[in-house]
Amino acid sequence: MSAEFGGRTGRQGRLSQWLRGRRPKQAADEGGREALLLAAAEAGLPLAPAAHPAAGYGCSCDRVGCPTPARHPVSFAWQTQSTTDRAQIERWARHQPQANFITATGMVHDVLDVPLDAGREALTRLLDADVEVGPVAESDDGRMLFFTLTRGTPEDEDEWWPCELDCHPETMDEHPGLRWHCRGSYVLVPPARLPGDDDQSVHWVRGPEHPLPDPLSLLEVLTDSCARHAGEQPDHADTAWPLRH
């Protein structure tokens, strides 16, 4: 897989190798967790502390029956709290050694969140077509996250929607399986641990050192791959996949 996604040498190569190993607990003990969080912040992704897994499938928060265990911020003020300040992130990481972190979307970046199989197909197609792809993360609960530039606030608000973690826009039928995290939303940023018995995690496939692309340059391929994997389009193995630039 490393050859397919582009090899790296030196520090970046070692970082990618660690990520593929998917050993977040061990890396946290060795200081890798803090280094990865700081790398994300240095790339411009605003971070804030999040809950972490507790008691198997439970959540570290006090909410009984938490609907998104270990996947939500710890503070209701996460949008204003989110920061790229190195000193603050170091304090959070050291004072909350088990905490996951979220990155607030719609400020600097958006995230196109798709089913894992569709995302892997789309990533291969995009790279084969020499499309600039930015940071990409995989979540072991079956999602792939494509980090892009934010579209900000367009002139036509009808084109836009505020997005919450578990809500879909009204245009979901046109974009099967796709969630566009923009204003008012967030995603877990690697390295993050998910609830369960198998040390599930959120980890980088392509790290934050890759420049953020325009989301519209990825959208057509992502939505097409989502539709194919949703069974809404016939799967023709020999069909070429044209891209619009």
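Summarised in this report is the structure supplied together with it. These numbers were taken from a predicted model, which means no experiment stands behind them.

1. Some remarks on the packing of helix H3 (residues 32–42) against helix H5 (residues 86–95)
Following both chains from N to C, one finds H3 and H5 inclined at 150°, their axes separated by 10 Å at the closest point. Accordingly, the angle class assigned to the pair H3 and H5 is roughly antiparallel. As H3 runs across H5, the sense of the crossing is right-handed. Across the interface between the two elements, Arg33, Glu34, Leu37, Leu38, Ala41 and Glu42 from H3 touch Arg86, Ile89, Glu90, Ala93 and Arg94 from H5. Here the residues of the contact of H3 with H5 sort into five nonpolar, no polar and six charged.

2. What about the sheet that holds strand S11 (residues 201–206)?
Spatially, S8-S5-S7-S6-S11-S10 is the arrangement adopted by the six strands of the open sheet, whose pairing is antiparallel. Since the sheet does not close on itself, it has two edges, and those belong to strand S8 (179–181) and strand S10 (192–193), each with one partner. With seven bridges connecting them, strand S5 (residues 109–115) and strand S7 (residues 143–149) associate as antiparallel partners. By the bridge assignment, valine 111 is partnered in S7 with phenylalanine 147. The strands that helix H7 (residues 216–229) touches are S5, S7 and S8; relative to S5, the one it contacts most, it runs at about 15°.

3. So, the environment of alanine 118
Within the secondary structure layout, alanine 118 lies in helix H6 (residues 116–128). Sequence separation between alanine 118 and methionine 144 is 26 residues, and the spatial gap between their C-alpha atoms is 8.4 Å. Apart from residues no more than four positions distant in its own chain, alanine 118 is found in contact with Ser225, Cys226 and His229.

4. Observations regarding the pattern of salt bridges
Within the structure shown, the criterion is met by 10 salt bridges. A salt bridge links aspartate 141 to arginine 71; the shortest N-O distance between them is 3.3 Å. Of the two residues, aspartate 141 sits in the loop between strand S6 (136–139) and S7 while arginine 71 sits in the loop between strand S3 (58–59) and helix H4 (78–81), which places them 70 residues apart along the sequence. A residue is classified by how much of its surface remains accessible, and aspartate 141, at 37% relative accessible area, is partly exposed.

5. Describing the nonpolar core
Counting 29 residues, the largest nonpolar core has Leu47, Phe147 and Val189 as its most contacted members. Looking at this core, the elements with two or more residues in it are H3, strand S1 (47–50), H5, strand S4 (100–104), S7, strand S9 (186–189) and S11. Counting residues per element, this core draws most heavily on H3, at five residues. In this structure phenylalanine 147 touches Leu45, Thr103, His109, Asp110, Val111, Gly134, Pro135, Ala137, Val187, Trp204, Leu212 and Pro213, once residues within four positions along its chain are discounted. In this structure, Leu116, Val133, Leu219 and Leu222 belong to the second largest nonpolar core, which totals 21 residues.

So, how was this worked out
Residues numbered from 1 in each chain as written. Predicted model: local features only at pLDDT ≥ 70, side-chain atom pairs only at ≥ 80, totals over all residues. Heavy atoms only, no water. Axes fitted to C-alpha atoms, helices over the stretch in contact; angles between N-to-C directions. Helix = DSSP H or I, 4+ residues; strand = E, 2+ residues; numbered from the N terminus. Parallel < 35°, antiparallel > 145°, perpendicular 65-115°, else oblique. Left-handed = near helix turned anticlockwise from the far one by under 90°. Contact = heavy atoms within 4.5 Å. Nonpolar A, V, L, I, M, F, W, Y, C, P; charged D, E, K, R; others polar. Pairing = 2+ DSSP bridges. Salt bridge = Lys/Arg side-chain N within 4 Å of Asp/Glu carboxyl O. Buried < 20%, exposed > 50% of the residue type's maximum accessible area, 1.4 Å probe, protein only. Core = buried A, V, L, I, M, F, W, Y, C linked by side-chain atoms within 4.5 Å.

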